[in-house]
Amino acid sequence: MMYKGLIDLDPEIIRLSQAAQNRAAYLFDAIDATAEYNALKVQKAFADHRVGAAHLSGSTGYGYDDRGRDTLDQVFAAAFDAEDALVRHSFVSGTHAIATALFGLLRPGDRLLSLTGAPYDTLEEVIGLRGEGNGSLKDFGIRYAQTELKDGFIDLEAAARMAPEAKVAYIQRSRGYSLRRAFTAEEIGQAVRAVKDANPDMIVLVDNCYGEFVQPVEPTGAGADLLAGSLIKNPGGGIARTGGYIAGRRELVELCAQRLTSPGMGREVGCSLDELRWMYQGLFFAPTVVASALKTAVFAASLFELMGYEVSPRFCEDRADIIQAVILRDSGKLLRFCEGIQRGSPVDSMVRPEPWDMPGYGCQVVMAAGTFTLGASIELSADAPMREPYAAYMQGGLTYPAGKLGVMMAADRLLQKR
Ligand SMILES: *Cc1c(COP(=O)(O)O)cnc(C)c1O
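Below is a summary of the structure that appears in this document. (Residues numbered from 1 in each chain as written. Predicted model: local features only at pLDDT ≥ 70, side-chain atom pairs only at ≥ 80, totals over all residues. Heavy atoms only, no water.)

Topic: the packing of aromatic side chains
Next up, step 1: With the rule as written, the count across this model stands at 15 aromatic pairs.
Next up, step 2: Ring centres of Tyr 62 and Tyr 64 lie 5.0 Å apart, and the angle between their planes is 25°; this geometry places the pair in the stacked category.
Next up, step 3: Here Tyr 62 falls in the exposed class, since its relative accessible area comes to 57%.
Next up, step 4: Plain terms: the ring middles of Tyr 120 and Tyr 177 are 5.7 Å apart, the flat faces sit at 40° to each other, and that makes the pair tilted. (Phe/Tyr/Trp six-rings, centres within 6.5 Å; stacked < 30°, edge-to-face > 60°. Buried < 20%, exposed > 50% of the residue type's maximum accessible area, 1.4 Å probe, protein only.)

This is the structure:
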């Protein structure tokens, strides 16, 4: 037995895992094919923009004439089917990149329209749905409305009806901490056409977190105007140490740059310190790392289904993000699941995750993240809000063997009732 003498796992888990992998293995070829296509796209972007060794070392101070930074923006743009991009280590997270885009695009009196129901938890305070006087969009007189999903899909009729009143339409591609589907680039393209038919000036902004490189095309390639996301998720490839990106139409990216630094200075400033090498290298790795994360998710769905748990998506469903939800319906099981993931991680395998009041979230959250980069969720990790139905949202896996092992440890921990 391969695991004997290396890892202590219940023989039942080893048996079920073999069955789970056998049943899901036919899906791995398609994942690899997408990774290969996206890797070629990234390689072409590097070559077309003549990335050289000099681009990898960064600047200090104001960061004037930082060729490495400016070239990275163009390389990202090409890899994201976009005209332009703003890729910065100084975006502290995905929320910061999305907030920068929202504040960059919207002005007092404008309306933001979410087409995918309630947005991700951390955006509630950005929009002003929670908290007061903190400098939210609402504090600046920017109004908000949302259309609800209909049978799990964007309600195109409601979207078209509301579009004339709004300036920016917002689409969250990934499921986030909810049990709905993730939206494919093609579905996002349909929503773009629906709102633009009703309001040709509409700007469509996509929260692209966890969706990058899952498909051969990004939402910008399907008509979206702007994307935003985090570099400690998919597009950082587990190598970027921090940061975020915005990509899309040039004049919109320009507006976001004015907001990120300061009006007038925009993208001309912002030194890259020593982060460029990691951002370039991370982008290079990203397509295959995303493939490892997807295989880990498919394996997990297959295994936990065999163990009798409800999962979303099912192992055989098409995917548009890397998140796998496992519905445990019990707070104790949820904690044990996260303990198992943590135990199967390369860093901090000896610590036990505890629920805490994480900044930006409305309820306690438990997180398992034994990661090289703090909080990086392209690395195997699980997070779960401590609320019904006690679902664990797991994602990541820098390599398939490591991801698979972490999932097996979580399954093992669920089996042991201690
Ligand atoms: C991760 C994520 C964000 C941004 O969260 P950060 O932790 O600030 O990077 C936004 N939307 C979705 C759907 C996400 O998954």
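Digging into the pattern of salt bridges
Next up, step 1: A full pass over the atoms with the stated rule returns 26 salt bridges.
Next up, step 2: Of the charged contacts in the structure, one is a salt bridge between Lys 196 and Asp 225, with a shortest N-O distance of 2.8 Å. Placement of the pair is Lys 196 in helix H7 (residues 185-198) and Asp 225 in the loop between strand E5 (203-207) and strand E6 (226-230), with a sequence separation of 29 residues.
Next up, step 3: Given a relative accessible area of 22%, Lys 196 falls into the partly exposed group.
Next up, step 4: Of the residues examined, Asp 225 reaches a relative accessible area of 3% and is grouped as buried. (Salt bridge = Lys/Arg side-chain N within 4 Å of Asp/Glu carboxyl O. Helix = DSSP H or I, 4+ residues; strand = E, 2+ residues; numbered from the N terminus.)

Concerning the pairing of strand E9 (residues 324-327)
Next up, step 1: Side chains Gln 324 and Val 326 project from E9 onto one buried face, and the interleaved Ala 325 and Ile 327 project onto a second face that is buried too.
Next up, step 2: Relative to E9, strand E8 (residues 310-312) runs antiparallel, the two sharing three bridges. In the sheet register, Ser 312 faces E9, and the bridge partner there is Ala 325.
Next up, step 3: Sheet analysis places E9 next to strand E12 (residues 391-395), joined by four bridges and oriented antiparallel. Residue pairing in the sheet places Val 326 in a bridge with Ala 392 of E12. (Pairing = 2+ DSSP bridges.)

Re the sheet that holds strand E4 (residues 168-172)
Next up, step 1: Strand order in the open sheet made by the seven strands is E1-E7-E6-E5-E4-E2-E3, with mixed pairing throughout. In this open sheet, the two strands that pair with only one neighbour each are strand E1 (84-88) and strand E3 (143-146). Adjacent strand axes in the sheet meet at a mean angle of 20°, parallel and antiparallel pairs treated alike.
Next up, step 2: Of the strand pairs in this sheet, strand E2 (residues 111-114) and E4 are connected by three bridges, and their pairing is parallel. Counterpart to Ser 114 in the pairing with E4 is Tyr 170.
Next up, step 3: Docked against the sheet, helix H3 (residues 67-79) engages E1 and strand E7 (244-248), running at close to 125° with respect to E1.
Next up, step 4: Sheet contacts for H7: E4 and E5; angle to E5, the most-contacted strand, approximately 155°. (Axes fitted to C-alpha atoms, helices over the stretch in contact; angles between N-to-C directions. Contact = heavy atoms within 4.5 Å.)

Some points on the environment of Cys 338
Next up, step 1: Relative to the assigned elements, Cys 338 resides in helix H10 (residues 331-343).
Next up, step 2: Linking Cys 338 and Met 394, residues 56 residues apart in sequence, is a C-alpha distance of 9.0 Å.
Next up, step 3: The contact partners of Cys 338, leaving out residues within four places of it in the chain, are Pro 353, Val 366, Ala 368 and Ala 382.

Quick look at the nonpolar core
Next up, step 1: One finds Phe 80, Phe 304 and Phe 337 to be the most contacted residues of the largest nonpolar core, which totals 131 residues.
Next up, step 2: Here this core takes 16 residues from helix H9 (residues 276-306), the largest share from any one element.
Next up, step 3: In contact with Phe 80, not counting residues within four places along its chain, are Asn 208, Glu 212, Phe 213, Glu 218, Thr 220, Leu 227, Pro 235, Tyr 245, Ala 247 and Leu 283. (Core = buried A, V, L, I, M, F, W, Y, C linked by side-chain atoms within 4.5 Å.)

Quick notes on H10
Next up, step 1: In this model H10 runs 18 Å from its N-terminal to its C-terminal C-alpha over 13 residues, within 8% of the 18 Å that 1.5 Å per residue would give.
Next up, step 2: Taken together, the buried positions of H10 are Leu 334, Arg 336, Phe 337, Cys 338, Glu 339, Gly 340, Ile 341 and Gln 342.
Next up, step 3: Buried residues in H10 make contact with H9, E9, strand E10 (365-368), strand E11 (381-385), E12 and helix H11 (400-415).
Next up, step 4: Two to three positions downstream of the cap, the backbone nitrogen of Gly 332 sits 2.9 Å from a side-chain oxygen, assigning the N-cap of H10 to Asp 330. (Expected span 1.5 Å × (residues − 1). Polar contact = N/O pair within 3.5 Å; in protein donor to acceptor, adjacent residues only side chain to side chain.)

With respect to H11
Next up, step 1: Compared with the 22 Å implied by 1.5 Å per residue over 16 residues, the 22 Å span of H11 between its first and last C-alpha is a close match.
Next up, step 2: In terms of burial, H11 is largely enclosed, as twelve of its 16 residues are buried.
Next up, step 3: Three or more residues of H11 are buried, namely Tyr 400, Gly 403, Lys 404, Gly 406, Val 407, Met 408, Met 409, Ala 410, Ala 411, Asp 412, Arg 413 and Leu 414.
Next up, step 4: Buried residues belonging to H11 abut helix H1 (11-24), helix H2 (28-48), H9, H10 and E12.
Next up, step 5: One side-chain oxygen at the N-terminal end of H11 lies 3.2 Å from the backbone nitrogen of Ala 402; it belongs to Thr 399.

Overview of the site of the ligand
Next up, step 1: Around the ligand lies a shell formed by Ser 93, Gly 94, Thr 95, Ile 98, Tyr 120, Gln 172, Asp 207, Cys 209, Tyr 210, Ser 230 and Lys 233.
Next up, step 2: Within the contact set of the ligand, an oxygen atom lies 2.9 Å away from a side-chain nitrogen or oxygen of Ser 93.
Next up, step 3: The separation between an oxygen atom of the ligand and a polar side-chain atom of Lys 233 is 3.0 Å.
Next up, step 4: For the ligand, the accessible surface in isolation is 380 Å², of which the surrounding protein chains cover 90%.
Next up, step 5: Here the element with the most residues in the shell around the ligand is helix H4 (residues 94-105); it accounts for three residues.
Next up, step 6: By residue class, the composition of the shell around the ligand is four nonpolar, five polar and two charged. (Near = heavy atom within 4 Å. Areas by Shrake-Rupley, 256 points an atom, 1.4 Å probe, with all protein chains shown as cover. Nonpolar A, V, L, I, M, F, W, Y, C, P; charged D, E, K, R; others polar.)

Quick word on the sheet that holds E9
Next up, step 1: Taken in spatial order, the five strands make up an open sheet running E8-E9-E12-E11-E10, and their pairing is antiparallel. The open sheet has two free edges, formed respectively by E8 and E10, since each of these has just one partner strand. The sheet shows a mean angle of 20° between the axes of neighbouring strands, direction not considered.
Next up, step 2: Contacts from H9 reach E8, E9 and E12, with the element oriented near 15° to E9.

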